[in-house]
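The lines below spell out each chain.
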Amino acid sequence: MDPRPGVRREILGLLEKRRRQVEATASSQTALDGSVDPFEDLCLALHDVLEKLGQRMEQAAALLTAEGAELQKVPLDLQRPQSGSFLTSVPLIAPEAPANVMARVSPVRRVRWEIVQYDRAYPGEFLEEARRRVNETRKQAQPVPLQAYWTSYHVLDHAQENWYFFWRARFRAGEALPTELSYLFLHAYEVLHGVGFPHPEAAFAHLRQLWYSYRETHPKLDDYLLAWLTDFVHYYELDDQTAQAWREEVQAHGRADLTVTSWEDRGNLMIQSWLEGDNRDHVPKEMFRQLITYVPGSNKFYREAQDQAALDALFGRAIALTDDFYRQTSGKSVFERLGPKKAAQIKRQAFVGAVFEGPHLSYTVGTVRRYRRDGKLSKLLTQAVRYAENLARKQTGFKTLLREIALPAELKTYLDAHLIPGLGVLHTPAAHPPAVPERPRVQLDPERLAALQQESDEIRERLLEESLTGEAPVGGSAPALLLFKVQPVVPAEPPSVAPALSRRPPLPAELPEGHLTDVNGVAEVLYTASEAGCDLLRQLGSHGWELAERDLRLPPGTFASTLIDEVNEAAQLRLGDVLLLQEDGVLIAVEDYRAQLEFLLPSPGQTATAPAVILEEPWQALAGALPSIHLELLDHLLQADLTVPELEAFTAARHAFASVVLEDLNAHALDTVGDILVDPYGDPLTLEDAYRDNVRRVLQARGLIRPE
């Protein structure tokens, strides 16, 4: 019998009786008498009520104790709800009699458990079907594959149902048969609702056993069940002993942060745990990357390092030393001195990501400081990490250094003294020349080559005669020319790629060590890139070399990925590296080349405008017809002659054939100015002297060189 309704009615009756007595007494006195104080009388009435309440609560406690004693006499397998259930599990703590459990957990703390267990569930809901099928089983079944998100009964076909209920019965009996992950999640959803369990401690122990039995074969369970088990402790308000045992077990597995859904807050919890711990010399990689705004993986030095783990340890050591420096000089940790002053609570919704139909509950996971959002602390630690990387670059002989590192001189001295002695473990990256694919062997037919050479000579003579007389060849276009004689001797060394000379400003007279070392290569990349590609780089430069892709301003019909590929392909050919990286929707310029890009790229408002160049009509037509590869070739020939192997290397670097490029160049010249510009049989190849000035003016008109 539940004594609570009777107690409630009796208390309300007493209060109403005393209220009427107070009103009657007060109305019978005169206003000036003052012999009766209604407030004092009401206090006396409340005292009577509380005394009655204490007596009734003692009676209720005695009744509950008697019921618990009777329940303890009942065998464990008979202590089930009327709907029927099971109780087979490996408990986290030693099993106790239900009376003892009830003595430790007050009835008030059972509210959510009772709501989930006994409130009405409507047809079609997961909870209703789980209650209805709680004792369903199969005597035999075969495993059936299942892959589903938020698995529920309605996604199972007949064979999958047979296997699930057979597997569930065997697991309840203590046998963990191999099965698919989706079946495990379905059973976990049942246990989260407490379906089939007499009390929440039994459900918790069963869910823990499910995780423990399958975590090795299904590691993904760690990402879900650990958090849900912690939610279970809070949601059903398990006793302190169970809650403490579970907290210790989670910490032993190193996954105490799984209830935090935000990666930033996970990092803040990690930082807070490090600050409260004893091992302050070791800073985990996941922690220092939460503290700094610099991404080491965005540069060539880190990506090509033989031992990235050693670099990570160096970066973590730099943060720990910075903290030690502040402790010694100011008496406070750098996190206390420069870190955020206010703390924020981390909230979590119970059973997020699970199929759960009970009342919602949000609880406080912890209180942390948002270290990543603090500008002063993050800036200082970022500079310390970059300074440590420069020390490593010098140690390994890397050709470039990171720029714009502002640290106090005393802190630099402190870092040098403690970091430099340990840099001997770093090794200079081995220089691996780009692998040149082996060309297939070709066996030439000397007679066929001689015939083709003779045919080529005849065609060339006819073309020259026709260009002088103005007559067109009869019968259509002439066959393609063979532009070079067969070279019987193979060069002993492969020819070097002739660079595309670009116009860049002169280097400063006093250049710091390690700066602008790849400026020529970057200049070549910009020289060959389209105007849209260069504008993309300018936009990055104006936003600190990092910009969300959605914020890029692109020409109509142009995709960012196309421009990124264009720039990176040119950079791979000329630098052996990429210029641009993409991370989580953010476009980043590689750290090693930012100084060169700043030096070479004028800002949008500083673009110099060259004076207009006036060309004669034939040369104006030629200037408009030549593509960029022809302009590059003419630019090079204006300054130096090219041997045939050098021309082949020049065109191969641009994915073209030497013969085709030279033939097309001369064809454009014949169509516009009436003569060829380069003798295809010369070795080295030279630009005709009579046309040098005109070619220079063509390049000026195209904006490749500035007018003199």
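Along each chain, residues carry numbers from 1 onward, in the same order as the chain's sequence is written. Totals for whole chains, interfaces and linings use all residues, but because this is a predicted model, local features are given only for residues with pLDDT of at least 70 and pairs of side-chain atoms are given and counted only at 80 or more. Here the side-chain values reflect all heavy atoms present in the structure, with hydrogen atoms and water set aside.

## Some remarks on the overall build of the protein
Numbering of helices and strands runs from the N terminus, with a helix taken as a DSSP run of H or I at least four residues long and a strand as a DSSP run of E at least two residues long. Within the protein one finds 27 helices and five strands. Counting all 708 residues of the protein, 41% fall into the buried class. Residue contacts are counted whenever heavy atoms from the two residues lie within 4.5 Å of one another. A fraction of 70% describes how many contacts in the protein between residues 6 or more apart in sequence connect residues 24 or more apart. In the structure as shown, the protein presents an accessible area of about 39,800 Å², 53% of it carried by carbon and sulfur atoms. Burial classification: accessible surface area is computed with a 1.4 Å probe over protein chains only, and a residue below 20% of its type maximum counts as buried, one above 50% as exposed, and the rest as partly exposed. The accessible surface values rely on the Shrake-Rupley method and a 1.4 Å probe; as for residues, cover is taken only from the protein chains in view.

## Section: the confidence of the model for the protein
Predictor confidence is given residue by residue as pLDDT, running from a minimum of 0 to a maximum of 100. Summary statistics for the protein give a mean pLDDT of 74 and a share of 68% for residues scoring 70 or more. Across residues 67–109 the pLDDT falls below 50, and counting only partners more than four positions away or on other chains, this stretch makes 60 contacts in the model. Here residues 604–611 scores under 50 on pLDDT; set against residues more than four positions off or in separate chains, the count is eight contacts.

## Comments concerning a positive patch on the surface
Residues enter patches when they are more than 30% accessible in relative terms and free of salt bridges; like-charged ones are connected within 9 Å and nonpolar ones (Val, Leu, Ile, Met, Phe, Trp, Tyr) within 5 Å. The rule for a salt bridge is simple: a side-chain nitrogen of Lys or Arg has to be within 4 Å of a carboxyl oxygen of Asp or Glu. Residues counted as positive are Lys and Arg, residues counted as negative are Asp and Glu, and His and the chain ends are not counted. Note on charges: their place is set at NZ of Lys, CZ of Arg, CG of Asp or CD of Glu. On the surface, K332, R337, K341, R369 and K376 cluster together to form a positively charged patch. By the element assignment, R337 lies in helix α15 (residues 334–338). The class for R337 is partly exposed, based on a relative accessible area of 46%.

## As for the nonpolar core
Only buried residues count toward a nonpolar core, which is a set of Ala, Val, Leu, Ile, Met, Phe, Trp, Tyr and Cys residues joined through side-chain atoms within 4.5 Å. Formed by 57 residues in total, the largest nonpolar core has its most connected members in W167, L210, W228, Y236 and F351. Looking at this core, the elements that each hand over two or more residues are α4 (111–118), α5 (126–132), α6 (158–172), α7 (181–192), α8 (200–214), α9 (225–235) and α10 (240–252). A per-element tally of this core places α7 first, with nine residues. In this structure, F301, I319, A320 and Y387 belong to the second largest nonpolar core, which totals 41 residues.

## Re the side chain of D231
Looking at the element boundaries, D231 is found in helix α9. By relative accessible area, D231 is classed as buried at 0%.

## As for the sheet that holds strand β5 (residues 586–589)
Overall, antiparallel pairing links the three strands, which are arranged β3-β5-β4 in an open sheet. Two strands lie at the open edges of the sheet, namely β3 (546–548) and β4 (580–583), each paired on one side alone. The sheet shows a mean angle of 25° between the axes of neighbouring strands, taken without regard to direction. Judged from the four bridges that link them, β4 and β5 form a sheet pairing that is antiparallel. Paired with E583 across the strands is V586, a residue of β5. Note: two strands are recorded as paired if DSSP finds a minimum of 2 bridges between them. Axis lines are fitted through C-alpha atoms, for helices just across the contact stretch, and the angle between N-to-C directions can take any value from 0 to 180 degrees.

## Here's the deal with the packing of aromatic side chains
Only rings of Phe, Tyr and Trp enter the pairing, Trp through its six-membered ring, and a pair is recorded when the two centres are within 6.5 Å. The plane angle decides the type: under 30 degrees is stacked, over 60 is edge-to-face, the rest tilted. The tally for this structure, following the rule as stated, stands at 30 aromatic pairs. Summarising the aromatic geometry, the rings of W619 and Y691 are spaced 5.7 Å apart at their centres and angled 50° between planes, so their arrangement reads as tilted. Linking W619 in helix α23 (residues 617–625) with Y691 in the loop between α26 (658–672) and α27 (692–701), this pair joins segments that are 72 residues apart in sequence. We note that W619, like Y691, is buried. Feature note: the residues F126, Y153, Y164, F165, W167, F171, Y183, F185, Y189, Y214, Y224 and W228 constitute an aromatic cluster, connected by ring pairs. The lysine or arginine in question, R112, covers the ring of Y235, its NZ or CZ lying 5.3 Å from the ring centre. Lysine and arginine charges are scored as sitting over a ring when NZ or CZ, respectively, is within 6 Å of the ring centre and within 35 degrees of the ring normal.

## Focus on the environment of Y224
Position of Y224 among the secondary structure elements: in the loop between α8 and α9. Each C-alpha atom of the pair Y224 and V352 lies 9.1 Å from the other, and the pair is 128 residues apart in sequence.

## With respect to α10
One less than the residue count of a helix, multiplied by 1.5 Å, gives the span that helix is expected to have. Across its 13 residues, α10 extends 18 Å between first and last C-alpha, which sits within 8% of the 18 Å expected from 1.5 Å per residue. Burial in α10 covers these residues: T242, A243, W246, E249 and V250. What you see down the axis of α10 is that its buried residues fit within an arc of 130°, all on one side. With respect to the buried face of α10, the exposed residues turned more than 90 degrees away are D240, Q251 and A252. Directions are taken from the helix axis to each C-beta atom, and the arc is the one they span.

## Section: the packing of α6 against α7
Axis separation between α6 and α7 bottoms out at 11 Å; the angle between their running directions is 60°. Crossing of α6 over α7 shows right-handed handedness. Of the residues in α7, those touching α6 at Q160, W163, Y164, W167, R168, F171 and R172 are Y183, L184, L186, H187 and E190. Tallied by class, residues from the contact of α6 with α7 come to seven nonpolar, two polar and three charged. Handedness of each helix crossing follows the sense of rotation of the near helix against the far helix: counterclockwise by less than a right angle gives left-handed, clockwise gives right-handed. Polar here means any residue other than Ala, Val, Leu, Ile, Met, Phe, Trp, Tyr, Cys and Pro, which are nonpolar, and Asp, Glu, Lys and Arg, which are charged; Gly is therefore polar.

## Points about the pairing of β5
With three bridges connecting them, β3 and β5 associate as antiparallel partners. Within β5, the residue paired with A548 across the bridge is V586. Hairpin connection of β4 to β5: two residues between the antiparallel strands, including D584 at a positive phi of 55°.

## Some words on the environment of H154
Among the secondary structure elements, H154 is positioned in the loop between α5 and α6. Distance and chemistry together define a polar contact, namely a pair of N or O atoms within 3.5 Å, with one atom able to donate a hydrogen and the other to accept it when in protein, and with adjacent residues in sequence counting only for side-chain atoms on both sides. Within the structure, H154 has its side chain in polar contact with the side chain of S152 (distance 2.7 Å).

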